[in-house]
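# Observations on chain architecture
As a plain string of letters, each chain reads:
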Amino acid sequence: MKIDHESLKKIAGLAKLHVKPEEEAALLTSMDNVLTWMEQLNEIDTENVEPLTHIMEEVNNWREDKGNNSLSRQDALANAPSKDDTYIKVPKVIE
């Protein structure tokens, strides 16, 4: 498949890219190379190849999700620049 100037302009418009006229030739060549490579991949017989879901055979070792109070209120408030007995005070951001 060959990309022409009109196709390039359409693709650039869809991608919201501004392509300078001096960049068009290099971009056309690059896009043509990618499409040629994709056509080569389509020629490979993959009928007996099982789909790959992970590159490695490692399995995630998830820990159980348990809540705990690892930080007391006093410890959490200790480094707050502005606070009262219960909460951290922050500047008002909504009128």
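Everything here concerns the structure above.
Residues numbered from 1 in each chain as written. Predicted model: local features only at pLDDT ≥ 70, side-chain atom pairs only at ≥ 80, totals over all residues. Heavy atoms only, no water.

## A short note on the packing of helix H1 (residues 5-14) against helix H2 (residues 21-42)
- Running from N to C, H1 and H2 cross one another at 90°; their axes reach a closest spacing of 11 Å. Classified by the angle between their axes, H1 and H2 sit roughly perpendicular to one another. Facing His5, Leu8, Lys9 and Ile11 of H1, the residues of H2 in contact are Glu24, Leu27, Leu28 and Met31.
- For the contact of H1 with H2, a count of residues per class yields five nonpolar, one polar and two charged. (Axes fitted to C-alpha atoms, helices over the stretch in contact; angles between N-to-C directions. Helix = DSSP H or I, 4+ residues; strand = E, 2+ residues; numbered from the N terminus. Parallel < 35°, antiparallel > 145°, perpendicular 65-115°, else oblique. Contact = heavy atoms within 4.5 Å. Nonpolar A, V, L, I, M, F, W, Y, C, P; charged D, E, K, R; others polar.)

## Some details on the environment of Asp45
- Relative to the helices and strands, Asp45 resides in the loop between H2 and helix H3 (73-77).
- Taking relative accessible area as the criterion, Asp45 reaches 62% and is therefore assigned exposed.
- There is a polar contact of 3.2 Å between the side chain of Asp45 and the backbone nitrogen of Glu47. (Buried < 20%, exposed > 50% of the residue type's maximum accessible area, 1.4 Å probe, protein only. Polar contact = N/O pair within 3.5 Å; in protein donor to acceptor, adjacent residues only side chain to side chain.)

## Observations concerning the environment of Asn33
- With respect to the secondary-structure elements, Asn33 resides in helix H2.
- In this structure Asn33 comes out as partly exposed when scored by relative accessible area, which is 48%.
- A C-alpha to C-alpha distance of 9.5 Å links Asn33 and Lys2, two positions 31 residues apart in sequence.

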